[in-house]
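# Examination of the molecular architecture
In case you want the letters, here they are:
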Amino acid sequence: MNLIFAEAAGQGGGMLGTLIYFGFFAILIGGFYFIGIRPQQKEEKRRRALLETIEIGDSVVTTAGFYGVVIDMIEEQGIVVVEFGNNKNCRIPMKKGHIVEVEKPSK
């Protein structure tokens with residue numbers, strides 16, 4: 001029985017086994033990158049571009065699901081003042097990062 005294992009270890013070992021191991025490992029790492037990391041980077045890039053286009057008068061949706069209109073911006077601090085509702089009394093300053101959708105007003 002020990003003779004069989006000794007022959008198998010002598011035939012399959014060496015450089016080829018190491019290359020197959022590292023090749024499999026490289027494919028696994030590449031798969032993780034294309035399935036998990038790359039889509040997240042693309043989404044973050046799209047989100048940054050969306051936040052840069054916010055202007056006064058745009059309709060926005062917040063992360064909490066509230067719909068409002070941007071009425072003022074403080075660019076240095078990354079804050080926008082959003083007006084919620086029709087009564088014009090609910091104006092809330094919030095970080096730009098809490099905006100998930102922007103709709104430009106039709107002209």
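Residues numbered from 1 in each chain as written. Predicted model: local features only at pLDDT ≥ 70, side-chain atom pairs only at ≥ 80, totals over all residues. Heavy atoms only, no water.

### Regarding the pairing of strand E2 (residues 67–74)
Two faces make up the sheet, and in a regular strand the side chains alternate between them. As a reminder of what qualifies: Strands qualify as paired when DSSP identifies two bridges or more between them. Labels follow the DSSP assignment, with helices taken as runs of H or I lasting at least four residues and strands as runs of E lasting at least two, numbered in each case from the N terminus.
Where strand E1 (residues 59–62) lies against E2, three bridges are found, and the strand directions are antiparallel. For Val61, the partnering residue across the bridge sits in E2 and is Tyr67. What sits between E1 and E2 in their antiparallel hairpin is a turn of four residues, with Gly65 showing a positive phi close to 95°. As judged from the six bridges shared by E2 and strand E3 (residues 79–84), these two strands associate in the antiparallel manner. The residue of E3 that forms the bridge with Met73 is Val80. Linking E2 to E3, which pair antiparallel, is a turn of four residues; within it Gly78 sits at a positive phi near 70°.

### Points about the nonpolar core
Generally speaking, soluble globular proteins have nonpolar side chains that are buried together. How we decide: Definition of nonpolar core: a set of buried residues of the types Ala, Val, Leu, Ile, Met, Phe, Trp, Tyr and Cys, connected through side-chain atoms within 4.5 Å. For every residue, the accessible area obtained with a 1.4 Å probe (protein chains only) is divided by the maximum for its type, and the residue is called buried under 20%, exposed over 50%, and partly exposed between those limits. Throughout, a contact is declared for two residues whenever any of their heavy atoms are within 4.5 Å.
Counting 10 residues, the largest nonpolar core consists of Leu51, Ile54, Val60, Val70, Met73, Val80, Val82, Phe84, Met94 and Ile99. Taken together, the elements giving at least two residues each to this core come down to E2 and E3. Of the residues forming this core, the biggest block, three residues, is contributed by E3. Leaving out residues up to four positions away in the same chain, Val70 has contacts with Ile54, Glu55, Ile56, Gly57, Asp58, Val60, Val80, Val81 and Val82.

### Brief notes about the confidence of the model for the protein
Cut-off, in case you're wondering: By definition, pLDDT measures how confident the predictor is in each residue, and it falls between 0 and 100.
In the predicted model, the protein carries a mean pLDDT of 85, and 87% of its residues have values of at least 70. No element of the protein has a lower mean pLDDT than helix H1 (residues 2–12), at 50, and none a higher one than E1, at 94. Contacts for the low-pLDDT stretch residues 3–8, under 50 throughout, to residues beyond four places or in other chains number zero contacts.

### A few points about the pattern of salt bridges
Definition in use: Salt bridges are identified by distance alone: a Lys or Arg side-chain nitrogen within 4 Å of an Asp or Glu carboxyl oxygen.
Scanning the model with the defined rule gives five salt bridges in all. Among the ionic pairs, Arg46 bridges to Glu43, the shortest N-O distance being 2.6 Å. Taken together, the residues span about one helical turn, with Arg46 and Glu43 both in helix H2 (residues 15–52) at a distance of three residues. A relative accessible area of 43% places Arg46 in the partly exposed class. Where Glu75 meets Lys96, a salt bridge forms, and the shortest distance between an N and an O atom there is 3.4 Å. Within this pair, whereas Glu75 is found in the loop between E2 and E3, its partner Lys96 is found in the loop between strand E4 (90–95) and strand E5 (99–103), the two being separated by 21 residues in sequence.

### Things to note about the sheet that holds E5
Just so we agree on the cut-off: Note on geometry: axes are lines fitted to C-alpha atoms, helical ones only across the stretch in contact, with angles between N-to-C directions running from 0 to 180 degrees.
Within the open sheet, the five strands sit side by side as E4-E3-E2-E1-E5. Their pairing is antiparallel. Only two strands of the sheet have a single partner each, and these edge strands are E4 and E5. For this sheet, the mean inter-axis angle between neighbouring strands, taken without regard to orientation, is 40°. Two strands pair when backbone bridges link them, and E3 and E4 are joined in this way by six bridges, in the antiparallel orientation. Across the sheet, Phe84 pairs through a bridge with Cys90, a residue of E4.

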